[in-house]
Amino acid sequence: MDLLAQLVTSLIGTSAFGIIFNVPKESLIKCGLIGMGGWAVYYLLEGYTKDAVLATITSTIFIAVLSQELAKFYKTPVTIFSVAGMIPLVPGGMAYDAMRNFVENDYNTALAIAAKVLMIAGSIAFGLVFSEVINQIVIKMKKRKQKV
């Protein structure tokens with residue numbers, strides 16, 4: 001039941017951000033489903049491994065690869081799907097907690113939380129870059145195959 005609630009709220013949150021991001025109406029549900037799928041990967045993997053960074057990078061790669069494929073299929077920019085899909089993974093609440101602890105002069109806790117926020121944000125960036133590299137390699141391999 002908890003997984004179902006997580007999936008529904010991630011679908012709604014991703015779709016709502018798509019509205020703010022001016023995603024075309026016909027792509028809102030697709031963006032929501034990508035965000036929901038990415039959150040499902042994150043939620044299940046983080047629950048199994050207890051490693052938020054590994055779960056984030058895995059779900060980011062999942063979202064980015066799926067976004068690239070849907071962008072090709074629907075002939076739309078990849079950012080429409082990838083930016084909206086990443087929203088559930090952004091560690092905003094954790095960043096808030098880090099800043100709150102800084103303000104309350106609890107520097108040890110604040111630094112620990114801030115370090116985790118930076119690692120998660122870095123894993124999001126790394127996952128996006130890594131999936132783009134994979135995409136470029138696949139494109140080059142297809143071009144070489146066509147030449148031969």
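Now for a quick tour of the structure. (Residues numbered from 1 in each chain as written. Predicted model: local features only at pLDDT ≥ 70, side-chain atom pairs only at ≥ 80, totals over all residues. Heavy atoms only, no water.)

**Comments concerning the packing of helix α3 (residues 52-74) against helix α4 (residues 78-86)**
- Relative to each other, α3 and α4 sit at 150 degrees, their axes nearing to 8 Å. The angle between α3 and α4 falls in the class roughly antiparallel. Viewed along their axes, α3 and α4 form a crossing whose handedness is right-handed. From α3, Thr60, Ile63, Ala64, Ser67, Gln68, Leu70, Ala71 and Tyr74 reach across to α4, where they touch Val78, Phe81, Ser82, Gly85 and Met86.
- Residues of the contact of α3 with α4, tallied by class, amount to 8 nonpolar, 5 polar and no charged. (Axes fitted to C-alpha atoms, helices over the stretch in contact; angles between N-to-C directions. Helix = DSSP H or I, 4+ residues; strand = E, 2+ residues; numbered from the N terminus. Parallel < 35°, antiparallel > 145°, perpendicular 65-115°, else oblique. Left-handed = near helix turned anticlockwise from the far one by under 90°. Contact = heavy atoms within 4.5 Å. Nonpolar A, V, L, I, M, F, W, Y, C, P; charged D, E, K, R; others polar.)

**Overview of the packing of helix α2 (residues 28-49) against α3**
- Relative to each other, α2 and α3 sit at 155 degrees, their axes nearing to 8 Å. Relative to α3, the element α2 is oriented roughly antiparallel. Crossing geometry of α2 relative to α3 is assigned as right-handed. Here Lys30, Ile34, Gly37, Gly38, Val41, Tyr42, Leu45, Glu46 and Thr49 of α2 come into contact with α3, specifically with Ala52, Leu54, Ala55, Thr56, Thr58, Ser59, Phe62, Ile63, Leu66, Ser67, Leu70 and Tyr74.
- Its residues assigned to classes, the contact of α2 with α3 shows 12 nonpolar, 7 polar and 2 charged.

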